[in-house]
Amino acid sequence: MTRHARLWHFHGGLRLPEHKAESTALPIAALALPAQLVLPLVQHIGAAAEPVVTVGERVLKGQLIARAGNNISAPVHAASSGIVSAIEPRPVPHPSGLPVPCIVISTDGQDEWTALTPLDTDPCMLPAEEIRARVRDAGIVGLGGAGFPTHIKLNPGAGHVIEILIINGAECEPYISCDDMLMREHAREVVEGARIMRHAVHAARCLIGIEDNKSAARAALLHALTELGEHNIRVVTVPTRYPTGGEKQLIKVLTGREVTSQGRPLDIGMLCHNVGTAVAVYRAVVLGEPLISRIVTVTGAGVAQPRNFAVPLGAPISALIAAAGGYTMQQPQLLMGGPMMGLPLPDDSLPVIKTTNCILAMPARAVEPELPCIRCGECVKVCPANLLPQELFWQARAKDFDKAQDQHLFDCIECGCCDAVCPSHIPLVRYYRYAKTEIWTGEKERRKADLARQRHEARVARQERDKTERAAKMQKHKTELQSSDTPDIDPKKAAVQAAVERVKAKQQITEDT
């Protein structure tokens with residue numbers, strides 16, 4: 001059940017200071033129920049969910065409050081009981097900073113559950129379709145940060161055979177320890193969830209990849225495997241190196257196989273899920289619980305007592321800061337996530353969402369002046385996607401987006417390794433994000449223009465078709481008149497004469513009566 005096989009290495013990467021011990025000294029604590037929960041209807045991907053409740057309505061914990069807007073969105077459930085006090089746009093953690101539609105629940109302190117339907121049989125006896133349906137109805141998305149609906153990933157589709165299911169427990173970014181603590185304290189649920197997902201996708205094998213700095217979590221997983229007598233799942237210890245937790249990088253380390261440029265793990269028979277997602281799948285399928293809470297790390301020099309908390313979705317970040325002993329400094333910099341890929345937050349009033357894995361409070365970093373690139377090549381050495389970061393930088397700065405795509409811009413995972421080693425302090429990832437956004441915007445505009453052009457062409461074609469049909473009808477009518485019994489008479493005069501004869505006939509009938 002532990003690894004004895006060969007491991008591989010991905011290109012580049014960094015060995016970073018971990019800063020994980022600060023938040024793993026204490027067990028996971030339950031966050032006190034806040035007075036208000038703000039639940040966004042827009043997920044990381046997909047359309048907005050559609051509310052099925054109204055303002056003033058009382059809801060129960062776990063109750064469906066918004067149905068999925070389409071197949072690539074996820075439903076939303078109440079994280080506690082209370083009254084729906086508003087359905088309105090609110091700011092949420094997102095790079096755009098724009099408000100999104102949210103359901104606001106004023107909690108009543110009772111935390112009263114809605115009726116659940118636990119499973120009374122072995123989940124691996126269920127057909128894969130039913131497992132996916134339960135996962136979909138529970139609103140589960142990837143808890144490793146991507147937020148993609150899990151039921152879609154559990155449906156590889158025709159033509160794809162899953163050879164290996166990989167459960168990602170690497171958690172390579174500094175400071176973040178929510179997955180580590182989850183594996184320590186809920187190892188059995190991780191294994192049960194992996195077992196259910198393996199059955200759902202008919203994977204031949206399942207590997208749980210875990211970094212070698214998580215010995216307590218590894219021991220807990222091995223103990224759970226022994227207790228359950230599970231022989232088709234193996235724990236594989238991998239070296240601690242950032243960004244081993246990246247999907248493509250972990251696949252390379254565990255199997256030696258590489259996902260091609262713009263390819264998917266499915267293309268090489270792989271499927272990757274986070275350990276938190278595995279636990280959510282177990283609770284949804286076996287216990288009937290929707291995704292209404294998650295483990296969040298609160299850490300950094302800016303808080304008094306770093307710790308991991310079990311947090312109801314929609315809780316304000318300020319409540320987590322208070323539970324961690326409050327701030328230790330004035331106006332710390334807040335990030336959702338780690339220091340390498342974290343999203344800067346404007347303040348702590350924003351709510352915890354499904355993809356919130358860490359709140360990092362640090363002293364505000366001074367912005368170093370950007371200097372010219374000296375072509376040292378350090379960014380090339382550390383790039384885990386084996387790209388040419390300096391080339392991408394020059395192309396993005398010059399707005400030469402076609403060449404940037406030729407250099408595989410979209411293979412960049414925005415891990416920040418190049419930023420970390422750049423002696424000129426160039427914010428390389430910022431340039432890549434800018435280029436990607438411009439390309440996406442351009443493609444969107446092109447699609448709109450193509451649609452407008454197609455509509456115009458269809459309108460012109462319809463007008464030409466109508467014109468042709470009218471001309472054909474007139475020609476047919478003219479031909480019929482010309483082919484009448486009196487070809488010597490002018491067709492128009494014949495038509496007039498026929499009308500006169502009809503009038504005379506009607507008058508004669510009137511006189512006779």
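For every chain, the first residue of the written sequence is number 1, and numbering continues from 1 along that sequence. The predicted nature of this model means local features are confined to residues of pLDDT at least 70 and side-chain atom pairs, given and counted, to a pLDDT of 80 or more, with totals for whole chains, interfaces and linings taken over all residues. Only hydrogens and water are set aside; all other atoms, that is, all heavy atoms of the structure, feed into the side-chain values.

K.L.:
Quick question: what am I supposed to make of the environment of Gly326 here?
P.N.:
Within the fold, Gly326 resides in the loop between helix H9 (317-323) and strand E15 (333-336). Among residues more than four places away in sequence, those in contact with Gly326 are Gly302, Val303, Ala304 and Ile321. Strands are runs of DSSP state E lasting at least 2 residues, helices are runs of H or I lasting at least 4, and numbering of each runs from the N terminus. We call two residues in contact when some of their heavy atoms are within 4.5 Å.

K.L.:
Would you mind showing me how to read the state of the cysteines here?
P.N.:
Each disulfide is one covalent bond, formed between the sulfur atoms of two cysteines. By convention in this document, the label disulfide applies to cysteine sulfur atom pairs within 2.5 Å. Per the stated rule, a full pass over the model turns up 0 disulfides. Cys178 takes part in no disulfide bond, and the closest cysteine sulfur, belonging to Cys358, lies 7.1 Å away. With relative accessibility at 2%, the residue Cys178 sits in the buried group. Cys415 takes part in no disulfide bond, and the closest cysteine sulfur, belonging to Cys417, lies 3.6 Å away. Accessibility here uses a 1.4 Å probe with only protein chains present; expressed as a share of the type maximum, an area under 20% marks a residue as buried, one over 50% as exposed, and anything in between as partly exposed.

K.L.:
Explain unusual backbone geometry here, please?
P.N.:
Leaving glycine out, the prevailing phi sign among residues is negative, and the prevailing peptide bond configuration is trans. Put simply, Tyr242 and Pro243 share a cis peptide bond, and its omega is 5°. Among the structural elements, Pro243 can be located in the loop between strand E11 (233-238) and helix H7 (247-255). Despite not being glycine, His202 has its phi angle at roughly 55°, a positive value. Not every positive phi belongs to a glycine, and Arg375 is a case in point at roughly 55°.

K.L.:
Can you walk me through helix H2 (residues 128-137) in this structure?
P.N.:
Among the residues of H2, Ala128, Ile131, Arg132, Ala133 and Val135 are the ones counted as buried. Where the residues of H2 are buried, they touch helix H3 (150-153), helix H5 (187-201) and helix H8 (275-287). Gly139, located one to two residues past H2, shows a positive phi value of around 70°.

K.L.:
Any chance you could explain H5 here in plain terms?
P.N.:
Owing to its 3.6 residues per turn, the α-helix aligns residues three or four sequence positions apart on the same side. Under the 1.5 Å per step criterion, the end-to-end length of H5 is 21 Å for 15 residues, consistent within 8% with the ideal 21 Å. With 11 of its 15 residues buried, H5 lies for the most part within the structure. If you check which residues of H5 are buried, you get Ala187, Glu189, Val190, Val191, Glu192, Gly193, Ala194, Ile196, Met197, Ala200 and Val201. A positive backbone phi angle near 55° is found at His202, which sits one or two residues after H5. Helix span, as expected, comes to 1.5 Å for every residue beyond the first.

K.L.:
What exactly am I supposed to notice about the sheet that holds strand E16 (residues 343-345) here?
P.N.:
DSSP bridges decide pairing: two strands pair if at least two such bridges lie between them. Across the sheet, 6 strands lie side by side as E1-E14-E13-E17-E15-E16; this open sheet has mixed pairing. Edge positions in the open sheet fall to strand E1 (29-30) and E16, since each of these has one partner strand only. With 3 bridges joining them, E15 and E16 adopt antiparallel strand pairing. Residue pairing for E16: Met336 is matched across the bridge by Leu343. On the sheet, helix H4 (residues 178-185) packs against strand E13 (293-299) and strand E14 (307-312) and is oriented at approximately 125° with respect to E13. As a rule, the C-alpha atoms of each element are fitted with a line to give its axis, helices using only the stretch in contact, and angles between N-to-C directions run from 0 to 180 degrees.

K.L.:
Teacher, can you tell me more about the sheet that holds strand E3 (residues 50-51) here?
P.N.:
Each strand in a sheet pairs with its neighbour through backbone hydrogen bonds, running either in the same direction (parallel) or in the opposite one (antiparallel). Across the sheet, 3 strands lie side by side as E3-E5-E6; this open sheet has antiparallel pairing. The open sheet is flanked by E3 and strand E6 (76-77), the only strands paired with a single partner. Across 2 bridges, the pairing between strand E5 (residues 64-67) and E6 is antiparallel. Paired with Ala66 across the two strands is Val76, which belongs to E6.

K.L.:
Is there a simple way to explain the packing of aromatic side chains in this structure?
P.N.:
Two numbers describe a pair of aromatic rings. These are the distance of the centres and the angle of the planes. Ring pairs shown here join Phe, Tyr and Trp side chains whose ring centres sit within 6.5 Å, with only the six-membered ring taken for Trp; geometry is labelled stacked below 30 degrees between planes, edge-to-face above 60, and tilted in between. All told, the structure shown has 3 aromatic pairs when counted by the stated rule. Both rings, one in Phe393 and one in Tyr431, keep their centres 4.9 Å apart while their planes meet at 80°; by these two values the pair is edge-to-face. One end of the pair, Phe393, is in helix H11 (residues 389-397); the other, Tyr431, is in helix H14 (residues 428-482), and 38 residues separate them in sequence. Residue Phe393 is classed as buried on the basis of its relative accessible area of 2%. With a centroid separation of 5.6 Å and an interplanar angle of 45°, the aromatic rings of Phe410 and Trp440 are classed as tilted. Of the two residues, Phe410 is situated in the loop between helix H12 (401-406) and helix H13 (417-421) and Trp440 in helix H14; the sequence distance between them amounts to 30 residues. With relative accessibility at 24%, the residue Phe410 sits in the partly exposed group. On the basis of relative accessible area, Trp440 is assigned to the partly exposed category, the value being 47%.

Geometric values such as these leave the question of function open.
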